[in-house]
Amino acid sequence: MQTIAKKRDGFFPFPDLGLSWNLQEGFYPPGGLFASVGQMGVGFGVSPNPHPDPKDNGITDLYAKYVSPEFGFRVIASPADTALEAAEQLLEEAKPQKKKKKKKLKIRIGNPHFRRLFSGAIAGAVSRTAVAPLETIRTHLMVGSNGNSTTQVFHTIIRTEGWKGLFRGNFVNVIRVAPSKAIELFAYDTAKKILTPKMGESPKLPVPSSLVAGAFAGVSSTLCTYPLELLKTRLTIQRDAYDNLLHAFIKILREEGPAELYRGLTPSLIGVVPYAATNYFAYETLKKLYRKTFKEEEIGNIATLLIGSAAGAISSSATFPLEVARKHMQVGAVGGRQVYKNMLHALISILEKEGLGGLYKGLGPSCMKLVPAAGISFMCYEACKKILIDGEDDA
């Protein structure tokens, strides 16, 4: 800031303009020299003082700043302002303006439980629809219908049913998976929150909390949605026996009884416990490893997709024989197939007839389906939790 008018000095230096004015008393009019200049319209941008103080002899204390050679000088303070106020204004104007951040999509949902349920439902629906063709091929390979290889089953379905055949039962699958995944993730987060010790507390369990929470989540979702899983399997395998979901439900109740809706529940529960426990434990472990390796607290969508896929591969490979036994039990006596008394009977029978390879039949397409499904599910879930916020969240 440069002072361009001083009281009673009589001398006005302008080094930038290369001029110096020496004024004698009586030379300037009562309104002050700058008032005259302003009235003449010279264009210095100095506003005259309409009410000069007689004690000042017509010259006012003015404070100005040099903006640029293009703009010259201009008044920034009135006679009542102080030099400190003028300096503060200069500093404020000199501050660079912050760039506005791009607004991200946010949906406010106050209830945290509903946020988890809604996020899980979206994650389940998106992931299952994306891998529906692989799920159909996997189911056919498990029960030995339409071919003995992935390529053979694929060509058979395309030839007999067209592309729609690859998505047969997907609507039922989405109806089943959406609430199932919502219940599963909700149960997992709730159980983990209860079982995880606070800072300074000793562990509540001798095993990692993610193992127990994952097993609890799997059992909870299975008990609630198992009948839909059985209906979906029946619609996929017996495409000529049922018209739709409701028809399959009524026909099974009428001809086989309500207990048929829960056929294979025991091996399913036994299979779900190690699968869910392994899946969530692997997911949490890989997340911790990622943060430690890359020194990043926030994990991006692509990294979440890869971590979730790796967790799905580990858990699926470890528990696949139980999944095969469950599928065989769900099909029942359709087409003259053998009816198994329990899971152990199913495992022994398959091992005797087909050998060890029979317990892992369909593992390839199963991993092709479960691995990306797990990754997409975790990615969608984490993304939805970032979008769905409450009133106090900033992120």
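As the structure is a computational prediction, the values presented were derived from the model and not from experiment. Counting of residues starts from 1 at the beginning of each chain's written sequence and follows it residue by residue. Residues qualify for local features only when their pLDDT is at least 70, as the model is predicted, and side-chain atom pairs are given and counted only at 80 or more; totals for whole chains, interfaces and linings, by contrast, use all residues. The side-chain quantities take in all heavy atoms of the structure and omit both hydrogens and water.

> What should I look at first to understand helix H4 (residues 132–143) in this one?
Note that an α-helix has 3.6 residues per turn; residues three or four places apart therefore point the same way. Numbered from the N terminus, helices here are DSSP runs of H or I no shorter than four residues, and strands are runs of E no shorter than two. By this rule the span expected of a helix is its residue count minus one, scaled by 1.5 Å. Between its first and last C-alpha atoms H4 spans 17 Å; for 12 residues at 1.5 Å apiece the expected length is 16 Å, and the two agree. Burial of H4 is extensive: 10 of the 12 residues sit out of reach of the surface. When accessible area is computed with a 1.4 Å probe and restricted to protein chains, residues below 20% of their type maximum are described as buried, those above 50% as exposed, and intermediate ones as partly exposed. Turning to H4, its buried residues are Ala132, Glu135, Thr136, Ile137, Arg138, Thr139, His140, Leu141, Met142 and Val143. In the segment just after H4, Gly144 is the residue with positive phi, at about 75°.

> Looking at this structure, I do not really get the environment of Gly358. What am I missing?
Assignment of secondary structure puts Gly358 in helix H12 (residues 356–359). Sequence separation between Gly358 and Val324 is 34 residues, and the spatial gap between their C-alpha atoms is 8.5 Å.

> Quick question: what am I supposed to make of the packing of aromatic side chains here?
Ring pairs (aromatic) are described by centroid distance and by the angle formed between their planes. The aromatic pairing rule takes the rings of Phe, Tyr and Trp, using the six-membered ring of Trp, and pairs them if the centres are within 6.5 Å, calling planes under 30 degrees apart stacked, those over 60 edge-to-face and the rest tilted. If you walk through the whole model with that rule in mind, you get eight aromatic pairs. Taken together, a centroid distance of 6.2 Å and an interplanar angle of 20° make the contact between Tyr226 and Tyr262 stacked. Separated by 36 residues along the polypeptide, Tyr226 in helix H7 (residues 209–237) and Tyr262 in the loop between helix H8 (245–255) and helix H9 (265–294) bring together distant segments of the chain. Of the residues examined, Tyr226 reaches a relative accessible area of 2% and is grouped as buried.

> I keep staring at helix H10 (residues 301–331) and nothing clicks. Help me out?
In this model, H10 (31 residues) spans only 38 Å end to end at C-alpha, well below the 45 Å of a helix rising 1.5 Å per residue. Fitting axes to the seven residues that end at a residue and to the seven that start at it, the angle between those axes gives the bend at that residue. If you look at H10, its biggest bend is around 60°, right at Thr319, and the proline Pro321 turns up within four residues after that. With 22 of its 31 residues buried, H10 lies for the most part within the structure.

> What am I meant to see in the side chain of Arg128 here?
Here Arg128 is to be found in helix H3 (residues 112–130). Contacts of Arg128, omitting those with residues within four sequence positions, involve Asn170, Asn173, Val177, Lys369 and Leu370. In what follows, residue pairs with any heavy atoms lying within 4.5 Å of each other are defined as contacts.

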